[in-house]
Amino acid sequence: MRIRPIPPLGSFSSNPPVDLALIHQVLSDDLLFEIFVRMTPYGLGVAACVCRKWRYATRNPVLWQKACLTTWQIFGVEENLQMVRSSYGGSWRRMWIMRPRLRFDGIFVSRNTHLRTGVAEWKVLNPVHLVCYYRYIRFYPSGRFLYKVSPHRLKEVAKYLHGKGSMVNSVYAGRYTLDHNNNQVDATTLYPGLKTVVRIRMRIRSTTEGANNRLDILAIVTSGIQEAEIGGHEEQVLEAVEGWQEDETHNPDVPAVSHKRGLAPFVFVPFHEVETSDLNLPVEKMDFYVPG
């Protein structure tokens, strides 16, 4: 918002110099706080770079308390209070930066490729095809997540990862848990028509402090489950498979399989970068990809 300053009394200049800090003269501290409290934590980080006053204003512990309680709401208020006092010196901002967390302002994408041998027709050499597909995960603070495997690129799939899962779009909903002792995420979803459980174990990693922008896949296991074990509630599958061994299945028609392919790390892409992310490049323009 640009505010044209009023010329000083007695000045004959028609174009007075613009005071870059004039907004502070017309915007009180309480209104500034009301604006900041409605911003995302990453937006607060950007606002802190504007000027010294905004930097001090964004250090208000109420802002970071709200961010922490929203991010780790599945742990409850009391457990979060105990953790910020015992591990982070009572600083909510330090807890936000240092405590491993899942990000909810975007989508985690794992880009995977493998070679497939083609059919040789009247040729000496067999053709080889490079197959590219993606795993998509979007997490919610409530403990839910959406999961989709697709050959389509990020900007085409992002519109389906909103709200509830849809079998029509092959988007499945599931539940996850987060273990802060080893930064480990256990996510489980169910393919309802096949009665197949997908169990994914991941570890949170940051390329820079506080980024939490990588998920290293530790294991992906598919196995069978009986309908009676979930009682008709598909999102309760996480409790049903808790404590299962990696090679355990409860449906003889669906054996347990530990997948060795498609284990490329998940890369976090914020919503505002979905259209411009490099993950949208076709295979011929990005024949290899190292997520880092």
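Scroll up to find the structure this text is about.
Just so we're clear, the structure is a prediction, and the values are computed from it rather than from any experiment. Just so you know, the residues in each chain are numbered from 1, in the order the chain's sequence is written. Owing to the predicted nature of the model, reporting of local features is limited to residues with pLDDT of at least 70; listing and counting of side-chain atom pairs is limited to 80 or more, with chain, interface and lining totals taken over all residues. Excluded from the side-chain calculation are hydrogens and water; included are all heavy atoms of the structure.

What follows is about the layout of surface pockets. Only protein atoms enter the 1 Å grid used here. Points where a 1.4 Å probe fits but cannot escape make up a cavity, open sets with protein on both sides within 12 Å along at least five of seven lines make up a pocket, and a residue lines them when an atom lies within 4 Å of a point. Grid points are joined across faces, edges and corners, and a volume is the space filled by probe spheres set on the points. Counted as a void, the largest pocket has a volume near 480 Å³. Strands are runs of DSSP state E lasting at least two residues, helices are runs of H or I lasting at least four, and both sets are numbered from the N terminus onward. Elements represented by at least two residues in the lining of the largest pocket include exactly β4 (172-179), β5 (184-191), β6 (196-205), β7 (214-224) and α10 (237-240). In this classification, the charged set is Asp, Glu, Lys and Arg, the nonpolar set is Ala, Val, Leu, Ile, Met, Phe, Trp, Tyr, Cys and Pro, and all remaining amino acids, among them Gly, are polar. Split by residue class, the lining of the largest pocket holds 9 nonpolar, 4 polar and 7 charged. One number sums up the size of the second largest pocket: a volume of about 350 Å³.

Residue position: alanine 47 is located in helix α3 (residues 41-47). Put simply, alanine 47 and threonine 58 are 11 residues apart on the chain and 7.6 Å apart in space, counted from C-alpha to C-alpha. The criterion used for residue contact is that any of the two residues' heavy atoms lie within 4.5 Å. In this structure alanine 47 touches Phe36, Met39, Trp54 and Thr58, once residues within four positions along its chain are discounted.

Another point: the environment of glycine 174. For glycine 174, the position within the fold is in strand β4. Glycine 174 has contacts with Gly143, Arg144, Phe145, Thr188 and Thr189, leaving out every residue within four places of it along the chain.

Among the residues of helix α6 (residues 77-87), those classed as buried are Asn80, Leu81 and Val84. In an axial view of α6, the angular spread of the buried residues amounts to 100 degrees, which keeps them on one side of the axis. Seen from the buried face of α6, the exposed residues on the opposite side, beyond 90 degrees, are Glu78, Gln82 and Ser86. The secondary structure elements touched by the buried residues of α6 are α5 (61-71) and α7 (92-98). Think of it in three bands: with a 1.4 Å probe and only protein chains considered, a residue is buried below 20% of the maximum accessible area for its type, exposed above 50%, and partly exposed in between. This arc describes the spread of directions from the helix axis toward the C-beta atoms.

Counted as salt bridges are all cases of a side-chain nitrogen of Lys or Arg within 4 Å of a carboxyl oxygen of Asp or Glu. Tallied over the full model, the rule gives 5 salt bridges. Taking the shortest distance from any N to any O, the salt bridge between aspartate 216 and arginine 205 comes out at 2.7 Å. Of this pair, aspartate 216 sits in strand β7 while arginine 205 sits in strand β6, placing them 11 residues apart in sequence.

Now for the pairing of strand β1 (residues 106-117). By the bridge criterion, 4 bridges tie β1 to strand β9 (residues 266-270) in an arrangement that is antiparallel. Residue pairing in the sheet places phenylalanine 108 in a bridge with phenylalanine 268 of β9. Paired strands are those between which DSSP finds at least two bridges. Two strands pair when backbone bridges link them, and β1 and strand β2 (residues 128-139) are joined in this way by 10 bridges, in the antiparallel orientation. Pairing of arginine 111 across the sheet is with tyrosine 134, part of β2.

All we've got here are geometric facts, nothing functional implied.
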